[in-house]
Each structure stands twice: as structure tokens, then as C-alpha cells.
Amino acid sequence: MPSPEVLVIDSGWQAARTAPDACPTPDGLDALEWLPARVPGTAAGVLRDAGLWAAGDEYDFDAQDWWFRVRFAAAPVAPGERVALRVDGVATVHEVFLNGEPLPGGDSMFEWH
């Protein structure tokens, strides 16, 4: 059995913030202000890197919804081939979408789907 191909997506990430529940799905997110994001990383890191927040500044990161996104190209899936999407280390409540379609999310970085 050949070793599985792994595509690590650790660059090209962006993040945006919205009012809570303002965007229940990815529809319409292109209109948001997207900032470069590092992964692994945090919402605080996104704002810090953009010069919009500094350690010690008051800011309630839990008062907003945060969206992280990345665009990537993957080879087509061959008949009988299995593909897995791993979203590791998300340390909070999260939803996951792939090409606009919802996938299982969770509320712990230790959950596996």
C-alpha cells in the first residue's frame, strides 16, 4: 500500500471578524475585511500582526465571530480513493466548511471527525 499523500496548508490563510451570528454560512463573506493570518495562530495574533491590537490592550475576542479561510488546489479524487481533511488544534467552538458545504465542527481540539 503506497504512503498517503499529505498536503499541508500552512500559508495563505486569512481571517475576518463579524458580529456574533451575522454570517451563519460562508455566503457573503467576501465583503468582509480579510487580514493575513498565521496558522497555527489566534485571532489576537491576526490583529497584533495587522497593528490593530497589542498585548495589554483591552479587547473581548469572544464578543465576535472569527472566520479563517484558505484557498488551495488539490488533485481530483480517483475512484475508490479516500480523502481526509484534518483540522488540527482548533481550541474553541468551531464550524468547518469546504467549498461552501458544512462539515463536522466541534468544541474541542481533541475531537476527531
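Refer to the preceding data block for the structure.
Figured I'd write up the structure that's included with this text.

Analysis parameters
- Residues numbered from 1 in each chain as written.
- Predicted model: local features only at pLDDT ≥ 70, side-chain atom pairs only at ≥ 80, totals over all residues.
- Heavy atoms only, no water.
- Patch = residues over 30% accessible without salt bridge, like charges linked within 9 Å, V, L, I, M, F, W, Y side chains within 5 Å.
- Areas by Shrake-Rupley, 256 points an atom, 1.4 Å probe, with all protein chains shown as cover.
- Salt bridge = Lys/Arg side-chain N within 4 Å of Asp/Glu carboxyl O.
- Helix = DSSP H or I, 4+ residues; strand = E, 2+ residues; numbered from the N terminus.
- Buried < 20%, exposed > 50% of the residue type's maximum accessible area, 1.4 Å probe, protein only.
- Contact = heavy atoms within 4.5 Å.

A look at a nonpolar patch on the surface
On the surface, a cluster of nonpolar side chains totalling about 480 Å² of accessible area is made up of Leu7, Phe72, Leu85, Val87, Leu98 and Leu103. One can find Leu85 in the loop between strand 3 (65–69) and strand 4 (94–98).

Describing the side chain of Thr18
Its place among the elements puts Thr18 in strand 1 (residues 14–18). Take Thr18: its relative accessible area is 8%, and that puts it in the buried class. Apart from residues no more than four positions distant in its own chain, Thr18 is found in contact with Cys23, Leu32, Gln64, Asp65 and Trp67.

With respect to the environment of Asp27
Within the element layout of this structure, Asp27 appears in the loop between strand 1 and strand 2 (35–36). The class for Asp27 is exposed, based on a relative accessible area of 65%. In the structure, Asp27 is positioned 73 residues away from Gly100 in sequence and 7.5 Å away in space, judged by C-alpha atoms.

Interpretation in functional terms is not warranted from these geometric data alone.
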